[in-house]
Amino acid sequence: MLAFLSYEGLLFLMMELHVCKQTTGDLIRKFALGDVDELLIGRDSDCDIRIRSASISREHCIIEQDESGAMLLRDSDSTGGTFVEGKKVDAVRIEDGLEVVIGPAVLKFYDEEI
């Protein structure tokens, strides 16, 4: 079941992002994704979600909402690439259960329990 947040008549899908180690699956950190316009993921200290690894680009990928309110993850022309099911992608729609690999990290997206 999808969870939504309503604000001023707009509905926002509430997702949770788990950043995990690719080798062990261990959870590193959780982030709630609400009505964000965009979140920048990379190794730079100015990124919203920082992953400290040489194989992560300074600005590796971005989470954003399109005009319909759907959440997308887009690669920011990273050196190492962004992968879904072993295939390099430029962009992917974020849905419950999506797993995205960037460098040594796996970004796992889940419906947030409200």
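No experiment lies behind these values; they were computed from the predicted model shown.

K.L.:
Would you take a moment to explain the overall build of the protein chain for this structure?
P.N.:
Helices and strands together make up the secondary structure of the protein chain, namely zero helices and 13 strands. Seen in sequence order, the protein chain has helices and strands lined up from the N terminus as β-β-β-β-β-β-β-β-β-β-β-β-β. Across the 114 residues that make up the protein chain, the buried fraction comes to 45%. Put simply, of all contacts in the protein chain between residues at least 6 apart along the chain, 35% involve residues at least 24 apart. Summing over all exposed atoms, the protein chain offers an accessible surface of approximately 7000 Å²; the carbon and sulfur share of this is 45%.

K.L.:
What should I look at first to understand the pairing of strand β3 (residues 15-21) in this one?
P.N.:
Two faces make up the sheet, and in a regular strand the side chains alternate between them. Among the seven residues that make up β3, six are buried, leaving the element largely enclosed by the rest of the structure. Taken together, the six bridges between β3 and strand β4 (residues 27-33) define a ladder with antiparallel strand orientation. Across the sheet, the residue bridging to E16 is A32, located in β4. Hairpin geometry of β3 and β4 is characterised by an intervening segment of five residues between the two adjacent antiparallel strands and by a positive phi of about 80° at G25. Pairing of β3 with strand β13 (residues 105-111), which is carried by seven bridges, proceeds in the antiparallel orientation. For E16, the partnering residue across the bridge sits in β13 and is Y110.

K.L.:
Is there a simple way to explain the pattern of salt bridges in this structure?
P.N.:
Pairs may arise between side chains of opposite charge once their charged atoms sit close together. By the definition in use, this model includes one salt bridge. Salt-bridge contacts for E64 lead to R74; the nearest nitrogen and oxygen are separated by 2.3 Å. You can see E64 sitting in strand β7 (residues 61-65) and its partner R74 sitting in strand β8 (residues 71-75), a full ten residues away along the chain. Of the residues examined, R74 reaches a relative accessible area of 34% and is grouped as partly exposed.

K.L.:
Would you explain the sheet that holds strand β6 (residues 49-50) in this entry?
P.N.:
One key point about sheets: their strands pair by backbone hydrogen bonds, in either a parallel or an antiparallel sense. As summarised here, the arrangement of the five strands in space is β6-β5-β7-β8-β11, forming an open sheet in which the pairing is mixed. The open sheet terminates on both sides in strands that have one partner only, identified here as β6 and β11 (91-93).

K.L.:
Quick question: what am I supposed to make of the side chain of S78 here?
P.N.:
Turning to its location among the elements, S78 is positioned in the loop between β8 and β9 (83-84). There is a polar contact of 3.3 Å between the side chain of S78 and the side chain of H60. At 2.6 Å, the side chain of S78 and the side chain of D75 are in polar contact. Contacts of S78, omitting those with residues within four sequence positions, involve S57 and H60.

K.L.:
What's the story with the side chain of D75 in this structure? I'm lost.
P.N.:
Here D75 is to be found in strand β8. One buried charged residue, D75, forms no salt bridge at all, with the nearest opposite charge on K88 at 6.3 Å. The contact partners of D75, leaving out residues within four places of it in the chain, are H60, C61, G81, T82, V89 and D90.

Rules and cut-offs
Residues numbered from 1 in each chain as written. Predicted model: local features only at pLDDT ≥ 70, side-chain atom pairs only at ≥ 80, totals over all residues. Heavy atoms only, no water. Helix = DSSP H or I, 4+ residues; strand = E, 2+ residues; numbered from the N terminus. Buried < 20%, exposed > 50% of the residue type's maximum accessible area, 1.4 Å probe, protein only. Contact = heavy atoms within 4.5 Å. Areas by Shrake-Rupley, 256 points an atom, 1.4 Å probe, with all protein chains shown as cover. Pairing = 2+ DSSP bridges. Salt bridge = Lys/Arg side-chain N within 4 Å of Asp/Glu carboxyl O. Polar contact = N/O pair within 3.5 Å; in protein donor to acceptor, adjacent residues only side chain to side chain. Lys, Arg positive; Asp, Glu negative; His and termini not counted.

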